[in-house]
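Here's the letter readout for the chains.
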Amino acid sequence: MLSYDESLKILKETEALLEGHFILSSGLHSKQYIQCAKLLSRPKQARIICNSLCEKINKKFNNIDIILSPALGGVIVGYEVGRQLNLETVFAERFDGKLLLRRGFQIKENSNVLVVEDVITTGKSALECLDIVKINNANLIGYACIIDRSSDNIVIKNQMVSQMKFNIETFSEDKIPLDLKKISPIKPGSRNLSK
């Protein structure tokens, strides 16, 4: 298994750890942002990170039948984890603001589902995936992600495994530090891309 420092080194090598002024999907501002797409665009490094995550998944969860990932960010991670664990992998897409299974994907009744994402911050997408699991009368085994950016009070904390916990300081609009105000903000991520 990779250590925190080894994982952080890979994030830096792939330029997945960004510095600047970012407006997060929550509306909060930060000086750092993790763009997992940069990591996932480098297959060798992504395989190494996902291999370490798979070791953690195997230690925490048993009897997984299928992996469910939310699009867009979770698709590649879900695929790679599914490939390494030799499990069927499906993804949910946002349509009219709601995550849904499309493209003929199905989750069989009573199957054991692991939700896999790139980054978990608020847990919103993870909980939307839980709704899909419930609608299909399946069983949620837990959640896995490369980066855990969540706070300690997140609802799914005890059901989650991550490759690394990464704390990024965030600021509300009225508490942005002066040095950050001097940098033009950008809005990364994929949540605002779909309707």
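Scroll up to find the structure.
Residues numbered from 1 in each chain as written. Predicted model: local features only at pLDDT ≥ 70, side-chain atom pairs only at ≥ 80, totals over all residues. Heavy atoms only, no water.

### Points about the packing of aromatic side chains
1) Next: Applying the stated rule across the entire model yields two aromatic pairs.
2) Next: A centroid spacing of 5.7 Å and a plane angle of 35 degrees characterise the contact between Phe22 and Tyr33, whose relative ring orientation is tilted. Of this pair, Phe22 sits in strand E1 (residues 17–23) while Tyr33 is found in strand E2 (residues 29–34), placing the two residues eleven residues apart along the sequence.
3) Next: On the basis of relative accessible area, Phe22 is assigned to the buried category, the value being 2%. (Phe/Tyr/Trp six-rings, centres within 6.5 Å; stacked < 30°, edge-to-face > 60°. Helix = DSSP H or I, 4+ residues; strand = E, 2+ residues; numbered from the N terminus. Buried < 20%, exposed > 50% of the residue type's maximum accessible area, 1.4 Å probe, protein only.)

### A few points about the nonpolar core
1) Next: Ranked by internal contacts, the top residues of the largest apolar core, which has 33 residues, are Leu11, Ile34, Ile57, Val81, Ile146, Ile147 and Phe166.
2) Next: Of all elements in the fold, only helix H1 (4–13), helix H2 (36–40), helix H3 (43–60), helix H4 (74–85), strand E6 (112–120), strand E7 (139–148) and strand E8 (160–165) reach the threshold of two or more residues within this core.
3) Next: Looking at this core, the element that brings in the most residues is H3, giving six residues.
4) Next: Not counting chain neighbours up to four residues away, the residues in contact with Phe166 comprise Tyr4, Leu8, Leu17, Gln32, Ile34, Ile147, Asp148 and Arg149.
5) Next: Counting residues in each nonpolar core, the second largest holds 20 residues, with Leu68, Ala126, Leu130 and Ile132 among its members. (Core = buried A, V, L, I, M, F, W, Y, C linked by side-chain atoms within 4.5 Å. Contact = heavy atoms within 4.5 Å.)

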